[in-house]
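Examination of the molecular architecture
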Amino acid sequence: MIPVDEALRLILDHVQPLEPERVHILEGLGRVLAEDIYSDVDIPPFDNSAMDGYAIQAADTQGATTEDPARLRVVANLAAGHTTDVVVEPGTAIRIMTGAPLAAGADTVVRFEETSEYRTGKWELGEQVELYNEVRLGANVRPRGEDIRRGELVLNKGTLLRAQEIGVLASLGRPQCLVTKRPRVAILATGDELVGVEEEVGPGQIRSSNEYSNAALVQKYGGIPVRLGIARDEVQELRSKIEEGLAAGVDLFLTSAGVSVGDYDIVKDVLGAEGKMHFWQVKMKPGKPLAFGEIRGVPLIGLPGNPVSAMVSFEQFVRPAMLKMLGRSSWEMPTVKVIVDHDIDSGKRRDFLRAVVEHRDDGYHAQVVRGPRGSGVLTSMVRANALLVVPEGVDRVKAGDRLEAQMLDWHWG
Ligand code: AMP
Ligand code: MG
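Residues numbered from 1 in each chain as written. Chains lettered and ligands numbered in written order. Predicted model: local features only at pLDDT ≥ 70, side-chain atom pairs only at ≥ 80, totals over all residues. Heavy atoms only, no water.

1. So, the packing of helix 1 (residues 4-13) against helix 7 (residues 307-325)
For any two helices packed against each other, the geometry comes down to the angle between their axes and how far apart the axes lie. Viewed as axis vectors pointing N to C, helix 1 and helix 7 meet at an angle of 30 degrees, and their least axial separation amounts to 10 Å. The angle between the axes of helix 1 and helix 7 places the two elements in the roughly parallel class. Relative to helix 7, helix 1 is oriented so that their crossing is right-handed. Across the interface between the two elements, Val4, Ala7, Leu8, Ile11 and Leu12 from helix 1 touch Gln316, Phe317, Pro320, Ala321 and Lys324 from helix 7. A breakdown of the residues in the contact of helix 1 with helix 7 according to their chemical character gives eight nonpolar, one polar and one charged. (Axes fitted to C-alpha atoms, helices over the stretch in contact; angles between N-to-C directions. Helix = DSSP H or I, 4+ residues; strand = E, 2+ residues; numbered from the N terminus. Parallel < 35°, antiparallel > 145°, perpendicular 65-115°, else oblique. Left-handed = near helix turned anticlockwise from the far one by under 90°. Contact = heavy atoms within 4.5 Å. Nonpolar A, V, L, I, M, F, W, Y, C, P; charged D, E, K, R; others polar.)

Listed below in structure tokens is the structure:
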């Protein structure tokens, strides 16, 4: 039995970031940029107005007061998306909307709210406008290149693409970008007792839920599930399913069940015959039976069969492996310090307790979920929004103690 951190280190040592591919920028959401992005344009591409108001020369407002306003002749009206040949000369103004190019001759914009349009309550184009304050030169002007300068390195290789990075790529005129490929993850259930979700359940049988929770987690963390279905507890069947996955070019195998003491041999035999076994059994609860190896260069994580153990192990080991394959440089679960609301007895292994974390005035609080909590009780995961972590060696937690909780719903970390 090896500690959780050691198991994770071994898994991470055996997985590498995948190669890049060019995709439409919206396909890049949640993925990692595999190229440096330089700009070949200035953004904004021209000086423009940051407000609805009047484009003027600031010098014309010198000495302006409520009693003695500056009076400027309005020579044009300019909306965003349009240009004008009219030049702002001393004593004149162009009525201008947000985003419209600053007219030639103008150096400043005065907001409608500081003009006679506001005073009179007539929000419309007139022949003349009055200004009541001196205005600062350059006010309300967004200068060309303020956001991004031509030639500038805008996004570094390795950047996680969020909505804002995708918006920046769009503003640079890049409909596509190079990102690290999504891992194709084979999902394989093993067990004589299993039937598919659409099938009738016969005597002694159960439906295979792990295939679905695993595939959903693969999708959630940016991978592509490749479902191989159910293999009976027979070496030959497991072997041929694995061949199927290898032929499909998967980047990672996830099996479920068949790694506990009774029937561990199936996965071991196949791993032994086709590749290597790096470790088996981790000092954690739930999720002790976990196997890790590789078959013809493709890593294989053998998850436990119990549905809760499978999910908890997925979060601890498969998620980091997938994020590393996706090119991410960090894979910690989003974690908060919590105040535990009641006593907890724990064992020698690292405990991942299904818990409800909620925010109160003095910080985050955690309670272990109510109801049955066996590692086969998948609805205990439904009741949880976090995994409360009791470290190795801590066998008694008292109400009021502080621990860390991994948040299950704080997507993507
Ligand atoms: P095993 O690791 O084969 O001893 O399985 C442990 C428990 O997990 C048994 O109760 C199995 O019936 C159950 N189990 C195994 N595979 C699945 C699956 N795909 N979906 C739901 N439960 C499963
Ligand atoms: Mg079994």
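2. Quick look at the packing of helix 4 (residues 210-220) against helix 7
Where helix 4 contacts helix 7, the two axes come as close as 10 Å, and the packing angle between them is 25 degrees. By the angle between their axes, helix 4 is roughly parallel relative to helix 7. For the pair helix 4 and helix 7, the crossing hand works out as right-handed. Between helix 4, through Asn210, Ser213, Asn214, Leu217 and Val218, and helix 7, the contact on the second element is made entirely by Pro307, Ala310, Met311, Phe314, Glu315 and Met322. Within the contact of helix 4 with helix 7, the residues separate by chemical class into seven nonpolar, three polar and one charged.

3. Observations concerning the site of ligand 1
Not every one of the 17 residues close to ligand 1 is listed here, only the nearest: Glu193, Ser208, Ser209, Ser260 and Gly305. The separation between an oxygen atom of ligand 1 and a polar side-chain atom of Glu193 is 2.5 Å. Taking Gly258, its main chain carries an N or O atom lying 3.2 Å from an oxygen atom of ligand 1. When isolated, ligand 1 has an accessible area of 490 Å², and the protein chains bury 78% of it. Here ligand 1 occupies the largest pocket. Taken together, the elements giving at least two residues each to the shell around ligand 1 come down to strand 12 (184-190) and strand 14 (206-207). A class-by-class count of the residues in the shell around ligand 1 yields five nonpolar, nine polar and three charged. (Near = heavy atom within 4 Å. Polar contact = N/O pair within 3.5 Å; in protein donor to acceptor, adjacent residues only side chain to side chain. Areas by Shrake-Rupley, 256 points an atom, 1.4 Å probe, with all protein chains shown as cover. 1 Å grid on protein atoms, 1.4 Å probe; cavity = no way out; pocket = protein on both sides within 12 Å on 5 of 7 lines; lining within 4 Å. Sits in = over half its atoms within 2 Å of the grid points.)

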